[in-house]
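# Reading the structure
So you can see what is in the structure, the chains are spelled out below.
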Amino acid sequence: MARARPVRWHIGVFLAPAVLVYTALMIVPLFGTLKLSMFNEEGAARVFVGLRNFARLFGDPLWSDAFWNALGNNAWFFLIHMLVQNPIGIALAAVLSTPKLRMAAFYRTAIFIPTILSFVIVGFVWKLILSPIWGIAPGMLDLIGLKGLFAPWLGKEDYALTSLALISVWQFVGIPMMLIYAALLSIPDEVLEAAEMDGITGSAQFWKIKLPLILPAIGIISILTFVGNFNAFDLIYVAQGALAGPDYSTDILGTFLYRTFFGFQLQLGDPYMGSAIAGAMFGIILLGVCIYLFGIQTRLRRYQF
Amino acid sequence: MVFAPTAPAEYNAALNSKLAAGSAGDLITCRPFDASLELYNQGHLADLSALASMANFSSVAKSAWQTDDGAATFCVPMASVIHGFIYNADAFEALGIAVPTTEAEFFAALDKIKADGTYIPMAMGTNDQWEAATMGYNNIGPNYWKGEEGRLALIKGDQKLTDPQWVAPYAALARWKDYLGDGFEAQTYPDSQNLFTLGRAAVYPAGSWEISGFNTQAGFKMGAFPPPVQAAGDTCYISDHTDIAIGMNAKSPNADAAKVFLEWVGSPEFATLYANALPGFFSLNSTPVEMADPLAQEFVSWRGTCQSTIRSTYQILSRGTPNLENETWNASANVIKGTETPEAASARLQEGLALWYDPQK
């Protein structure tokens, strides 16, 4: 007769610190915020209003115009990252992983360094670089005879958001590069040798052998980019302020949330509508992650070596 | 006493959070009007009406930190700031420009500076937006809407933001575009300050708080003139904005000590010290204060020749959503950039105000 398995206390003990810290710092505030979004002030009392804050956010043009504007801007911000940051990151990783490249460690470090810089530094430095008054951008364009192409990008409605997205790409391109680089290195040599035996080398090898093998890593990067972009706030706030000028053209969900929740200048903070926006952001991110997890990740073929 | 400042743009958010969490200090600097009134209504600021030194302030001086009925005053007024234009006197002399008093002379002077080409006529950018509203619209506006007369009529609902006297300042702002530096759309507030103090720009739409900074930075002679009037001989109006006060945390454990300090803040002794240490922040104390700084003297002299008013959006009108002050920043910046016409901007602001403010419905 088999003995009853002893209770494995150590599992609970080892999990406890992470679970407790994560619960206290993330889960409790998350539910607190969701709860707050169901309340509002009537007179001086806090009353339960159900989903009316959300109805206002999506239905009242006063709120919905700003919300859709922020969501649209956020989508564009994400699209630029997907179209520029991730392909460049993959390309850089592919180049870095070629054995013939010399000083690979140097390039890897140099490209990764902006990622560890603070948003405040990045925002401030790029604002200076692009400044029409003191910046080096107009001068450098002048040197190659393209001064006519210079515009005060951060101050123009048409360009400001794209410029900021590209600055963010510059800052974070190191992350997809590192992850893909690691995935490329983990491809076993036998697979590549077998490919070479079959005459698949060079770029054909990348497209036909390596890319399919790193697709799961690309998927992870996409979802990290999605979550990061829809939670973004710092760079816009540092570069353009809480009003996300010019004319709200760089307003993303994060800045919209900040303005609403904490207030700005004479505008008093509205924690209830602010929580509703935070709730909507949570919903959007949750939806995106679910689509990825159930719609895409389960269909990705994985290879075990 | 420990002074723990936060950045201006974060002050309200930080203060509100700290008060709500019970970690704010004993003494709290008060923004004017609703931001502080709300703190008083929430019970965060103590009623200071009983302080003896409150008698040293006129009712106008106290209005920014009182309940709407004037029954309770919750902050001791410290200073107001006056708007106008600071100019590079050396540049004006070199170009033979007289200080403009009317709008026509003002634009003629800017044209002359532009034609000469040595200086950027005016140092202002729209990147940070607030300068366009504060040093633009609310600087030149009082001359059009006749100061307090227009401001109070707007609050009562007798005038609308679409009335000519409220649209005209936007029309004037729209003309500023041609006189600002290259790439002003991305020019920030510190950029503008530096352009002026480095002697690259001739005129700076200013608030008097700039005086002490400019005195140490600028290597040339400066002068100041009030916002130009439409026709020679018109009464001039200036924005003499009650801007800063200091109050007491209602939950302060050191209330008695704080009150002693606040009594001193309300005394003529403090007023003299403060006004001279920070030229450009003008005491609201009824006792006249002697100031040594010539630029500060110039600014404060307009109190004698012009009618004083405060910024149009501050009292009552920025209580709702959309927030009129924020919208005014946005509209003023748009108008200067030329992306919105003065009429469209005014119509948008009026529409937003009418959404929640009953007298304007």
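Just so it is clear, the model here is predicted, and its values are computed rather than measured.

## Quick notes on the overall build of chain A
Helix and strand content of chain A: 13 helices and four strands. If one aligns the C-alpha atoms of chain A with their principal axes, the spans along those axes are about 90 × 80 × 30 Å. Counting all 305 residues of chain A, 42% fall into the buried class. Here the analysis covers contacts within chain A between residues at least 6 apart in sequence; of these, 64% occur between residues at least 24 apart. Summed over its atoms, the accessible surface of chain A is roughly 17,100 Å², and 70% of this surface lies on carbon and sulfur atoms. Taking the 19 positively charged and 16 negatively charged side chains of chain A as two groups, their mean positions are separated by 11 Å.

## Here we look at the interface of chain A and chain B
Taken residue by residue, the interface counts 27 residues in chain A and 38 residues in chain B. Across the chain A/chain B interface, buried area totals approximately 2,800 Å², and carbon plus sulfur atoms make up 56% of it. Taken as a group, Trp134, Gln265 and Leu266 of chain A account for 26% of the area that chain A buries against chain B, more than any other trio of residues on that side. Our count for the chain A to chain B interface comes out at two salt bridges. Here lysine 337 of chain B and glutamate 157 of chain A are joined by a salt bridge, their closest N and O atoms 3.4 Å apart. At the boundary of chain A and chain B, one finds seven residue pairs in polar contact (both at pLDDT 80 or more). Elements with a minimum of two residues in the side of chain A that touches chain B: helix 3 (61–96), helix 11 (234–240), helix 12 (253–262) and strand 4 (267–268) of chain A. Per element, the largest residue contribution to the side of chain A that touches chain B is three residues, and it comes from helix 11 of chain A.

## Topic: the domain arrangement of chain B
All names here are of chain B. Once the domains are mapped, chain B shows domain 1 (8–79 + 242–294) and domain 2 (82–238 + 313–360). Centre-to-centre, using C-alpha coordinates, domain 1 lies 28 Å away from domain 2. For the domain 1 and domain 2 pair, buried surface summed over both sides reaches about 950 Å², with 56% attributable to carbon and sulfur atoms. Between aspartate 34 and arginine 319 there is a salt bridge whose closest N-O contact spans 2.8 Å. The interface formed by domain 1 and domain 2 includes four residue pairs in polar contact (both at pLDDT 80 or more). A class-by-class count of the residues in the side of domain 1 that touches domain 2 yields seven nonpolar, one polar and three charged.

## Considerations on the state of the cysteines
Residues and elements named next belong to chain B. Inspection of every chain in the model, using the stated rule, returns two disulfides over all chains. Disulfide pairing places cysteine 30 opposite cysteine 75 at an S-S distance of 2.0 Å. When the S-S torsion is -80°, as for the bridge of cysteine 30 with cysteine 75, the disulfide is left-handed. Placement of the pair is cysteine 30 in strand 1 (residues 27–30) and cysteine 75 in strand 2 (residues 75–88), with a sequence separation of 45 residues. Both residues of the pair, cysteine 30 and cysteine 75, belong to the buried class. A disulfide bridge connects cysteine 236 with cysteine 306, and the sulfur atoms are separated by 1.9 Å. What sets the handedness of the cysteine 236 and cysteine 306 disulfide is the S-S torsion sign, and at about -90° it is left-handed. Taken as a pair, cysteine 236 in the loop between strand 5 (222–225) and strand 6 (237–248) and cysteine 306 in the loop between helix 14 (294–305) and strand 8 (307–309) lie far apart in primary sequence, 70 residues in all. Both residues of the pair, cysteine 236 and cysteine 306, belong to the buried class. When the cysteines of chain B that form disulfides are numbered from the N-terminus onward, they connect as 1-2, 3-4.

## Looking at the pairing of strand 1 (residues 39–42) of chain A
For a regular strand, side-chain orientation follows a simple rule: the groups alternate between the two sheet faces. Residues and elements named next belong to chain A. Two strands pair when backbone bridges link them, and strand 1 and strand 2 (residues 45–48) are joined in this way by four bridges, in the antiparallel orientation. Directly across from glutamate 41, in strand 2, lies its bridge partner arginine 46. Taking the residues between adjacent antiparallel strands as the criterion, strand 1 and strand 2 are bridged by two residues, where glycine 43 takes a positive phi near 65°.

## Here we look at the packing of aromatic side chains
All names here are of chain B. Scanning the model with the defined rule gives 43 aromatic pairs over all chains in all. With a centroid separation of 4.8 Å and an interplanar angle of 15°, the aromatic rings of tyrosine 40 and phenylalanine 74 are classed as stacked. Placement of tyrosine 40 in helix 2 (residues 34–41) and of phenylalanine 74 in the loop between helix 3 (59–62) and strand 2 is noted, with a sequence separation of 34 residues between them. Phenylalanine 74 shares its class with tyrosine 40; the two are buried. Taken together, a centroid distance of 5.6 Å and an interplanar angle of 45° make the contact between phenylalanine 196 and tyrosine 204 tilted. Classification of tyrosine 204 by relative accessible area gives buried; the value is 1%. Following the ring pairs from residue to residue traces out a cluster consisting of Phe85, Tyr87, Phe92, Phe106, Phe107, Trp176, Tyr179 and Phe225. Over the aromatic face of tyrosine 179 sits the side chain of lysine 114, whose NZ or CZ is 5.9 Å from the ring centroid.

## Quick look at helix 4 (residues 104–116) of chain A
Residues and elements named next belong to chain A. The terminal C-alpha atoms of helix 4 lie 19 Å apart, and with 13 residues this matches the ideal 18 Å at 1.5 Å per residue to within 8%. Taken as a whole, helix 4 has its buried residues at Ala104, Pro114 and Thr115. Against the buried residues of helix 4 lie helix 3, helix 5 (119–130), helix 7 (160–172) and helix 8 (174–185).

So, how was this worked out
- Residues numbered from 1 in each chain as written.
- Chains lettered and ligands numbered in written order.
- Predicted model: local features only at pLDDT ≥ 70, side-chain atom pairs only at ≥ 80, totals over all residues.
- Heavy atoms only, no water.
- Helix = DSSP H or I, 4+ residues; strand = E, 2+ residues; numbered from the N terminus.
- Buried < 20%, exposed > 50% of the residue type's maximum accessible area, 1.4 Å probe, protein only.
- Contact = heavy atoms within 4.5 Å.
- Areas by Shrake-Rupley, 256 points an atom, 1.4 Å probe, with all protein chains shown as cover.
- Lys, Arg positive; Asp, Glu negative; His and termini not counted.
- Charge placed at Lys NZ, Arg CZ, Asp CG, Glu CD.
- Buried area = accessible area lost by both parts, 1.4 Å probe.
- Salt bridge = Lys/Arg side-chain N within 4 Å of Asp/Glu carboxyl O.
- Polar contact = N/O pair within 3.5 Å; in protein donor to acceptor, adjacent residues only side chain to side chain.
- Domains from an automatic or database assignment.
- Nonpolar A, V, L, I, M, F, W, Y, C, P; charged D, E, K, R; others polar.
- Disulfide = S-S within 2.5 Å.
- Pairing = 2+ DSSP bridges.
- Phe/Tyr/Trp six-rings, centres within 6.5 Å; stacked < 30°, edge-to-face > 60°.
- Lys NZ or Arg CZ within 6 Å of the ring centre and 35° of its normal.
- Expected span 1.5 Å × (residues − 1).

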